[in-house]
Amino acid sequence: MNTEFVHAASKRRSIYFLGCSDEISQKQVKEIINDCIKYTPSAFNMATTNLIVAFGEKHHQIWQIARDVLTEKLQKKEDTLKLALEKIDRFDNAMGTILYYEDRDMINELKDTYAMYADSFSVWSMQASGMLQYAIWTALADNDIGANLQHYNPLIDDKVKELFSVPDTWKLTAQMPFGSIEKQPSEKYFEEIDNRVKYY
């Protein structure tokens, strides 16, 4: 049995302490992302998931937006704000951020074209996005690049849209900071497999 994929999957963890080591190149990250978006499946082969990958100053601007928004929202909750900003600082220390978007125009077009399945396309689109997120996350991990998945949307949507001139039809669904692994996560707890899978 070939276990290469399972081994790669076992390396995928939420890495919250990220850095920007010179050992990781933008070229390497781009190749991983491009291969994943090319080979990750989707219903009807629909390309409804779009990405913006930010390095350097653009990456830092994303997390400054998050800081600004949370500072405004949590100004009366100092302890909560302090923890939130510490978390954002760790993301900001990373090499870059992948922004995941869903193209609502394409979803609506598919609904019109295949009316019989219209109720399912939004679900299938989110499934495709989830598979792509997992594929990229796992491929990064397999190359010893740490990442985690965040959901500061919709709080940061408008400012990020302005920063990158994002089309009106794209909806932000997730953010994935990535970079060198500066601290390993604690051991992961696994639910008993027999409670989750039944074989007959």
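Before reading on, note that the structure itself is shown above.
Summary of the structure given here. All of these numbers come straight from a predicted model, not from anything done at the bench.

What about the nonpolar core?
One finds Val29, Ile98, Tyr100, Ile136, Leu140, Met176 and Phe178 to be the most contacted residues of the largest nonpolar core, which totals 21 residues. Breaking this core down by element, the ones donating at least two residues are helix H2 (26-39), strand E2 (49-55), strand E3 (96-103), helix H6 (121-142) and strand E5 (170-181). Among the elements that line this core, the one with the most residues is H6, at five residues. Formed by 20 residues, the second largest nonpolar core is a distinct cluster that contains Ala54, Trp63, Leu99 and Leu172.

Examining the packing of helix H1 (residues 4-11) against H6
Taken N-terminus to C-terminus, the directions of H1 and H6 make an angle of 90 degrees; their axes are 8 Å apart at the nearest point. Put simply, H1 runs roughly perpendicular to H6. Here Phe5, Ala8, Ala9 and Lys11 of H1 lie close against H6, whose contacting residues are Tyr134, Thr138, Ala141 and Asp142. When grouped by side-chain class, the residues that make up the contact of H1 with H6 number five nonpolar, one polar and two charged.

Description of the packing of aromatic side chains
Within the structure shown, the criterion is met by 12 aromatic pairs. Through pairs of rings, three or more aromatic residues link up here, namely Phe44, Tyr114, Tyr117, Phe121 and Trp124. Across the ring face of phenylalanine 17, the terminal group of arginine 90 is positioned such that the distance to the ring centre comes to 4.7 Å. The ring of phenylalanine 17 carries lysine 183 above its face, with NZ or CZ at 4.7 Å from the centroid.

Conventions adopted
Residues numbered from 1 in each chain as written. Predicted model: local features only at pLDDT ≥ 70, side-chain atom pairs only at ≥ 80, totals over all residues. Heavy atoms only, no water. Core = buried A, V, L, I, M, F, W, Y, C linked by side-chain atoms within 4.5 Å. Buried < 20%, exposed > 50% of the residue type's maximum accessible area, 1.4 Å probe, protein only. Helix = DSSP H or I, 4+ residues; strand = E, 2+ residues; numbered from the N terminus. Axes fitted to C-alpha atoms, helices over the stretch in contact; angles between N-to-C directions. Parallel < 35°, antiparallel > 145°, perpendicular 65-115°, else oblique. Contact = heavy atoms within 4.5 Å. Nonpolar A, V, L, I, M, F, W, Y, C, P; charged D, E, K, R; others polar. Phe/Tyr/Trp six-rings, centres within 6.5 Å; stacked < 30°, edge-to-face > 60°. Lys NZ or Arg CZ within 6 Å of the ring centre and 35° of its normal.

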